[in-house]
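Here are the chains, one letter per residue:
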Amino acid sequence: ADKSEMKLGVMVFRHVWAHSEDFSAEQYRKERWYFGRISSIDELFKGKVEVDGNSVYVEWLRVPDKPVE
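Residues numbered from 1 in each chain as written. Predicted model: local features only at pLDDT ≥ 70, side-chain atom pairs only at ≥ 80, totals over all residues. Heavy atoms only, no water.

With that settled, the discussion passes to the confidence of the model for the protein chain. Predicted confidence across the protein chain gives a mean pLDDT of 86, with 97% of residues reaching 70 or more. At the level of individual helices and strands, the protein chain shows its lowest average pLDDT in helix α1 (residues 25–30), which scores 74, and its highest in strand β3 (residues 48–51), which scores 94. (pLDDT = per-residue confidence, 0-100. Helix = DSSP H or I, 4+ residues; strand = E, 2+ residues; numbered from the N terminus.)

As structure tokens, this is what we get:
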């Protein structure tokens, strides 16, 4: 995901380790992903947003190619 895609209410996939600055390629591939809605962009300047109330790094989010509702 890119910072330009981060807007309130956008649905994103959030990795279970998205709150961490770094994790292994093995964790990235094998751990769970959650589907949620961006609930705050107040810390976007830090590279973080809130998804369903959880503060996460934008680099570990994925935005669906097609709109989901």
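A few words on the sheet that holds strand β4 (residues 54–57). Strand order in the open sheet formed by five strands is β4-β3-β2-β1-β5, and the pairing between neighbours is antiparallel. In the strand order of this sheet, the two ends are held by β4 and β5 (61–62), each with one partner. Note that strand β1 (residues 11–15) and β5 share two bridges and pair antiparallel. Pairing of F13 across the sheet is with R62, part of β5. (Pairing = 2+ DSSP bridges.)

Summarising the element assignment, V51 is placed in strand β3. Look at V51 and you get buried, because its relative accessible area is 0%. In sequence terms V51 and G36 are 15 residues apart; their C-alpha atoms lie 6.0 Å from each other. Excluding residues within four positions of it along the chain, V51 makes contact with V12, R14, G36, R37, I38, S39, V56 and L61. (Buried < 20%, exposed > 50% of the residue type's maximum accessible area, 1.4 Å probe, protein only. Contact = heavy atoms within 4.5 Å.)

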